[in-house]
Amino acid sequence: MGLPTSILFLDLDGVLNTHSHTNRMPVGCDPRLCLLPRLVAPLAEWLMARPNVGVVLSSDWRRPPNPGFAATNAILRGMGLPRDMVGETPQHGWTQPAGWGTGVDPPRRGREIAEWLRDHTEVEHVVCLDDGDDFHPIQRHLVRTSPWHGLQPRHIRRLDGVLAGPLDRLKL
């Protein structure tokens, strides 16, 4: 079976957990404790009803010292995601930009997703679920959560509408 033509790019921190939750976690704790089941369950239900949507990990969880792709996939499957993720976005190094720690994301997530999409031309529909805002050149495909509240019902309701829009490959 080939790659699905509809893809959800998934961030974890600020989507499937919240800052208030992770700020209480001890350094080096079991990463399974960092995700909130009440936030994972609605996404798992949404994916269960949409077997044609593949998930690509775009979260920093794919980078050291975080769990990495395989361990994150196992954690999410153990928490109810109905299928394995189909891949992860490229990992580009970055230096801490001015303003880091003030809610400004490093300027890379949108470019990493665009690069992944350039390498996977069969993908036709995209939605990005993230609490960040640097998604140029694919900003219109973003469903942005609050890092303080994570995934909420209004975000789940928006996923289908954003995913239905065509991907403009000329802007990648």
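Reading the values: rules and limits
Residues numbered from 1 in each chain as written. Predicted model: local features only at pLDDT ≥ 70, side-chain atom pairs only at ≥ 80, totals over all residues. Heavy atoms only, no water. Helix = DSSP H or I, 4+ residues; strand = E, 2+ residues; numbered from the N terminus. Buried < 20%, exposed > 50% of the residue type's maximum accessible area, 1.4 Å probe, protein only. Areas by Shrake-Rupley, 256 points an atom, 1.4 Å probe, with all protein chains shown as cover. 1 Å grid on protein atoms, 1.4 Å probe; cavity = no way out; pocket = protein on both sides within 12 Å on 5 of 7 lines; lining within 4 Å. Points joined across faces, edges and corners; volume = space filled by probe spheres on them. Nonpolar A, V, L, I, M, F, W, Y, C, P; charged D, E, K, R; others polar. Contact = heavy atoms within 4.5 Å. Phe/Tyr/Trp six-rings, centres within 6.5 Å; stacked < 30°, edge-to-face > 60°. Axes fitted to C-alpha atoms, helices over the stretch in contact; angles between N-to-C directions. Left-handed = near helix turned anticlockwise from the far one by under 90°. Core = buried A, V, L, I, M, F, W, Y, C linked by side-chain atoms within 4.5 Å. Pairing = 2+ DSSP bridges. Arc of directions from axis to C-beta. Right-handed = clockwise from strand over helix to strand, strands pointing away.

## Notes on the overall build of the chain
Helix and strand counts for the chain stand at 5 helices and 5 strands. Listing each helix as α and each strand as β along the chain from the N terminus yields β-α-α-β-α-β-α-β-β-α. By the burial criterion, 47% of the 172 residues in the chain qualify as buried. Of the roughly 8600 Å² of accessible surface on the chain, 55% is carried by carbon and sulfur atoms.

## Overview of empty space enclosed by the protein
Over the atoms, a rolled probe matching the size of one water molecule traces out where space is still vacant. One pass over the structure, following the stated rule, counts 1 cavity of 30 Å³ or more. Per-class residue counts for the lining of the largest cavity are 4 nonpolar, 1 polar and 3 charged.

## Description of the side chain of R109
If you trace the backbone, R109 turns up in helix α4 (residues 109-119). R109 has contacts with D11, S58, S59, D60, D130, D134 and F135, leaving out every residue within four places of it along the chain.

## Concerning the packing of aromatic side chains
Inspection of the entire model under this criterion finds 1 aromatic pair. Taking the centre distance of 5.4 Å and the plane angle of 85° together, the rings of F9 and W116 count as edge-to-face. With F9 in strand β1 (residues 6-10) and W116 in helix α4, this residue pair connects regions lying 107 residues apart in the sequence. Each member of the pair, F9 as well as W116, carries the same accessibility label: buried.

## Digging into the packing of helix α2 (residues 37-48) against helix α5 (residues 153-164)
Remark: α2 packs on α5, axes separated minimally by 10 Å, with the N-to-C direction vectors making an angle of 40°. α5 is crossed by α2, and the crossing has right-handed handedness. Facing P42, L43 and W46 of α2, the residues of α5 in contact are I156, L159, D160 and L163.

## Thoughts on the nonpolar core
By size, the foremost hydrophobic cluster in this structure holds 30 residues, and its most contacted members are L8, L10, L16, L43, W46, L129 and L159. Secondary-structure elements contributing two or more residues to this core are β1, α2, β2 (53-57), α3 (69-78), β4 (125-130) and α5. With 6 residues, α2 is the single largest residue contributor to this core. Beyond its immediate sequence surroundings of up to four residues, L159 is in contact with L8, L43, W46, V127, L129 and V143.

## What to know about the sheet that holds strand β5 (residues 142-144)
On the basis of which strands lie adjacent, the open sheet formed by 5 strands has the order β3-β2-β1-β4-β5 and parallel pairing. Lying at the two open borders of the sheet, with one neighbouring strand each, are β3 (87-88) and β5. Each of β1, β2 and β4 is contacted by α2, which is oriented at about 170° to β1, the strand it contacts most.

## Quick look at α5
Along α5, the positions that sit buried rather than exposed are H155, I156, L159, V162 and L163. Each buried residue of α5 lies within a common arc of 125° when the element is viewed along its axis, so the set occupies one face. Residues P153, R157, G161 and A164 are exposed on α5 and point more than 90 degrees away from its buried face. Of the surrounding secondary structure, the elements contacted by the buried residues of α5 are β1, α2, β2, β4 and β5.

## Brief notes about the environment of L10
Inspection of the secondary structure puts L10 in strand β1. For L10, a relative accessible area of 0% translates into the label buried. Between the alpha carbons of L10 and E88 there is a distance of 9.2 Å; along the sequence they are 78 residues apart. For L10, the contacting residues outside a window of four places in its chain are V15, L16, L43, V55, V56, L57, S58, S59, L76 and L129.

## Considerations on the pairing of β2
By the criterion of burial, β2 is predominantly enclosed, with 5 of the 5 residues buried. Across 5 bridges, β1 lies against β2 in parallel orientation. Note that in β2 the partner of I7 across the bridge is G54. Handedness of the crossover joining β2 and β3 through α3: right-handed.

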